Structure formats: structure tokens, C-alpha cells
Amino acid sequence: MSQVRLVVVMDPIEAINPAKDSTLAILLAAKQSGWQLHYAELGDLWLRDGVAWGHLAPLEVFDDLRTWFTLGTRAAAKLGEFDVILMRKDPPFDTEYIYSTYILDRAKLQGALVVNDPRGLRDMNEKVYTAWFPECCAPTLITRDMHAMAAFLHEHGKAVCKPLHGMGGRSIFVLEEGDKNRNVVFETLTDYGRHYAIVQRYLPEIVTGGDNRVILIDGEPVPFALQRMPDAADHRGNLAAGATAQSRPLNDRDRWLCSVIGPQLKAAGMVFVGLDVIGDYVTEINVTSPTGIRELNKKHDVDIGGKLIKAIAGILDTR
């Protein structure tokens, strides 16, 4: 194959934390493989007469905490003429994000491999998609009905409540039966019954075992999980919310969860996915912009970005 040409669609690269950013780790691996890199943000994409276009800047990346990128001069180009488009725009998953997936759909039809597949990005809400694998998940309710949420809490005694669109530990509540904040939490999350929210049975294993990120590359798990341990004063296992990063090898239950979920993700073109696992259960399936690469690379001397680039190259070889 001739030199692979990759377009990355991401948040502003100047604002990332280069020591922890997973997208940068992937781009460094692509550079190591000799791929040609191009950069765009969401607002750089557009459609004209059914053709997907982008204002793209040639991109150089460096493993340097002071200077981790340089950009060349932007120019308009047809997205379908590139080999790979790496969609790494972080949530929020809003209507603008959805519109961008339609543009990426056209780029896919016009020749580019889009990672992850645009249809999957639209269809697989990271919290709702767990409903496709109930055998892998703790009891879960998705509803706008505040009375149903209260009944679920009564049934299980303790529950985690969160919005369907959140990220980074935002607006996550843990409630116990009898908590006088119960009604206001349900009102806040559902906007008085106007919006759907999710309620899950509380899993106490988060205290001792953390919230574990298991990374799947083309349906196959990386052999180590990123173990995010909540701060003693908090219940959230999100690094953005103050959790600390540890790690552990995958156990038999992790591998079973991956064996159930991984093949369906692979078949749907979801090449890079993060499962959030607490105890024996999956709580979220992250398809938009999974993170955790750099922490695991440092702890275990692995190259997850390199594994992803190798997997993408293998897919390109079969096209």
C-alpha cells in the first residue's frame, strides 16, 4: 500500500493535555508508521452537492510536552479521497455532532474508512447502548418518569442516576432510599419529566475495585484495564472528577464481557471502543472518543496507539 493519508477530526489540538491525550498517542503511532496526517475540527467539515469536504491542515505531531504539533496551511479537500478519517471529537453528543456524522457518512460512501463508523456513532449512545447487552449489565432503567425512578430506587435501595448525554463524571448522583434530595435529583436530571435519564443499581465494587476502562481494538481487548479509583470524598470513578489512575490485568469476567460485546462492535465498524466495567458489569460503552491510552502505555510498556494503527491498516488491506 502507498503512504496512508489520515484525517483526524478533533477538538482544538492546542488545548489538549499532551501528557494524557489519547488522540495524540494515536497520531504519534500513525506518524511512526509513516502515515501522512491532516487536521480538522468539526466546523471545518461541510457538504456540497452530496460531496463531503473539509478545510484540512497538514499536521506534524511530536512527543514533546512543550511543542506537540505544528500545522501547515489549510486547504479545501474532498474527504472521500483520503484513506482514513479518525473521528475523535469529544462529547457533548449534540445535534452538531450528529450532523457531522452525516458528512462523514458521505465521506465513507466516497471512499474513506471512517473510524469509528458514523452510523455507529449515531446509534450507539454510550449509556443507552448497554440495553443491547442486558446480560452484561446491572439492573438499569432509562425513563422520563420520575415516579418510576423512585420505584427503582426503592427496589434496589441505592442507585446511580445520570443524564444520557454527560461525560467526565458530570451530573452523576448516588442516592439511597430515604434521601431527601431524591426528588430534586430526578427533577434536575429529567427537567421535570421532559428528558430521559438513566438509573442503575449502585455497584459497591467501585470503592475497592474502581471504575475500569477496558479498551477494545477491532473487537479484541487490550490485556490491561485502566482502574480509576474514586477519591475518598467522591463516588465518581472519572479521572476528570479527581479519580486516580491505577491498572490491572483483565480477569475472566472482563474477557467474557468482551467476548459478548466485542464481535457486535466489530461487525458495526466500531474499531476503537472503551467499556466501563464496575465489578462484574458494564456500565457504559464508549464509542465516541475513548481515552486511557497514555496511562496504560506508561504503566505496562505497551503501545495501544500502535495496535490501533495496525488494526486500521489491516482493515484497509481488505478493502
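Residues numbered from 1 in each chain as written. Predicted model: local features only at pLDDT ≥ 70, side-chain atom pairs only at ≥ 80, totals over all residues. Heavy atoms only, no water.

Caption draft 1: The environment of Ile-13, seen in detail. Tracing the chain through its elements places Ile-13 in the loop between strand E1 (5–10) and helix H1 (22–32). As for Ile-13 and Leu-24, which are separated by eleven residues in sequence, their C-alpha atoms are 8.6 Å apart. If we skip the residues at most four places from it in the chain, Ile-13 touches Tyr-39, Leu-59, Trp-68 and Phe-69. (Helix = DSSP H or I, 4+ residues; strand = E, 2+ residues; numbered from the N terminus. Contact = heavy atoms within 4.5 Å.)

Caption draft 2: Region of interest: the pairing of strand E7 (residues 84–88). Across the five residues that make up E7, a large majority, five, are buried. Of the two faces of E7, the one carrying Val-84, Leu-86 and Arg-88 and the one carrying Ile-85 and Met-87 are both buried. The pairing of E1 with E7 spans five bridges and is parallel. Note that in E7 the partner of Leu-6 across the bridge is Val-84. Taken together, the three bridges between E7 and strand E8 (residues 113–115) define a ladder with parallel strand orientation. Opposite Val-84, over in E8, you have Leu-113 as the bridge partner. The β-α-β motif built from E7, the intervening helix H2 (residues 95–109) and the parallel element E8 has right-handed crossover chirality. (Buried < 20%, exposed > 50% of the residue type's maximum accessible area, 1.4 Å probe, protein only. Pairing = 2+ DSSP bridges. Right-handed = clockwise from strand over helix to strand, strands pointing away.)

Caption draft 3: Representation of the pattern of salt bridges within the structure. Applying the stated rule across the entire model yields 17 salt bridges. Here Lys-127 ties to Glu-284 by a salt bridge, and the two come within 3.6 Å at their closest N and O atoms. A residue pair is termed long-range when its members are at least 10 positions apart, and Lys-127 in the loop between helix H3 (118–123) and strand E9 (140–143) and Glu-284 in strand E18 (residues 281–286) qualify at 157 residues. Judged by relative accessible area, which is 5%, Lys-127 ranks as buried. The partner of Arg-248 in a salt bridge is Asp-254, and the shortest N-O contact between them spans 2.6 Å. A single burial state applies to Arg-248 and to Asp-254, both of which are buried. One connected set of salt bridges, linked through shared partners, spans Asp-211, Arg-213, Arg-228 and Asp-276. (Salt bridge = Lys/Arg side-chain N within 4 Å of Asp/Glu carboxyl O.)

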